[in-house]
Amino acid sequence: MRVLVREPIAEAGIELLGSRFDVDVDQESPLEEIIGDYDGIVIRSATKMTAGLIGRAERLRVIGRAGVGIDNVDVEAATRRGIVVANAPGSTVVSAAEQTIGLLVALARNIPQAHAALKQGRWERSRWGGVELADKTLGVLGFGRIGRQVARRALGLGMRVVGYDPFVAPERFRELGAEHAAEPGEVFAAAEFLTLHLPLTDETRGFIGPAALARMRDGVRIVNAARGELVDEAALAQAVRDGKVAGAALDVFSAEPYTGELLELENVVVTPHLAASTEEAQDRAGVIVAEQVVAALDGGLVTNALNIPIVGAED
């Protein structure tokens, strides 16, 4: 059997796959022309496994996503073809949570702006004074693995945490010492800082748009290290210009590489989609997804399968 590694993963993951299958590491060839030659494919976030592409994959039995989000895979189309879709849900949790906290601190204290000014020879102490995080309210939209880790760290910084997630029981919030909001409006009304950790779905696309922004406190600061499409970027830029939003820190964008108007605003902190870009996260993701691909092609237990029941091989 043959496996295509379409995007970079840890060498240990490639070695594991290579011990069982013929492996090609190919990031250049037109995917629609070669996908029919493979039984398995490993991707990250850049490769779009559309229904049309999956339709060409006559031999494909498994799609392995080295990371958490699977919005770049048409899971329905894969399921119709009997193709297992598996990811590495725990691999990037710590890295994404730490990136979020880093953006939160950078936003509160204007660290990137002060750094850039001093590098350019300008000593601007009075211009770049910030605010403390202690005793401020952090709104957390999405209380899954990453949202919970962010909440833990924010509580450690002395923040009050108010979270919303329609799929998480109120008890889970209280276990951490966070407050549970029954609907997003409660978070918008309370949050001085707001961080997004929602999955990208038809319901959450553009979740932070004009209506949501209007319901937020004046001077709110917004962090997004989840999915760029959660935010209406034009609406956010306007809210920053109007002073409704005091600042934003963004690691993800609706189209990447991003070249839009948010880059022109000095109270917007930006990074180029670095949330999962740590050595540890990439090593974990590569090895975990390789294990999932091996299991799928060998008839083993695909523990991270998203579109089949997780049952033992004997069943």
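To keep things clear, this report deals only with the structure shown in the data block. Within each chain, residues carry numbers counting from 1 in the order of the written sequence. For a predicted model such as this one, the threshold for reporting local features is a pLDDT of at least 70, and the threshold for listing and counting side-chain atom pairs is 80 or more; totals across whole chains, interfaces and linings nevertheless cover every residue. Working from all heavy atoms in the structure, the side-chain values ignore hydrogens and water.

Another aspect to go through is helix H7 (residues 145–156). Think of it this way: any DSSP run of H or I at least four residues long counts as a helix, any run of E at least two long counts as a strand, and we number them from the N terminus. Expected span of a helix: the number of residues minus one, times 1.5 Å. Over its 12 residues, H7 extends 17 Å from the first C-alpha to the last, a length consistent with the 16 Å expected when each residue adds 1.5 Å. We call a residue buried when its accessible area falls under 20% of the maximum for its residue type, exposed when it is over 50%, and partly exposed in between, using a 1.4 Å probe and counting protein chains only. Those residues of H7 that fall on the buried side of the exposure criterion are Ile146, Gly147, Arg148, Val150, Ala151 and Ala154. Contacts were defined at the residue level, with two residues in contact if any of their heavy atoms lie within 4.5 Å. Looking at the buried positions of H7, the neighbouring elements they touch are helix H5 (93–109), strand E6 (137–141), strand E7 (160–164), helix H8 (170–176) and strand E9 (193–196).

Turning next to unusual backbone geometry. In this model, Glu256 is joined to Pro257 through a cis peptide bond whose omega is 0°. Relative to the helices and strands, Pro257 resides in the loop between strand E11 (245–250) and strand E12 (268–270). The backbone of Asp135 sits at a positive phi, close to 70°, despite the residue not being glycine. By the secondary structure assignment, Asp135 is in the loop between helix H6 (111–119) and E6. Taking the relative accessible area as the measure of exposure, Asp135 reaches 69% and is therefore exposed. We note that His273 has phi near 55°; this positive angle belongs to a residue other than glycine. Relative to the elements of secondary structure, His273 occurs in the loop between E12 and helix H12 (279–298). Residue class for His273 comes out partly exposed when judged on its relative accessible area of 29%.

So, on to the packing of aromatic side chains. Geometry of aromatic contacts follows a simple scheme: Phe, Tyr and Trp rings, the Trp one being its six-membered ring, pair when their centres are within 6.5 Å, and the pair is stacked under 30 degrees between planes, edge-to-face over 60, tilted otherwise. Under the criterion given, the structure shown has 2 aromatic pairs. Relative to Phe173, the ring of Phe143 has its centre 4.2 Å away and its plane inclined at 20°; by these criteria the two rings are stacked. In this pair, Phe143 is assigned in the loop between E6 and H7 and Phe173 in helix H8, connecting sequence segments 30 residues apart. Among the residues examined, Phe143 registers a relative accessible area of 0% and is labelled buried.

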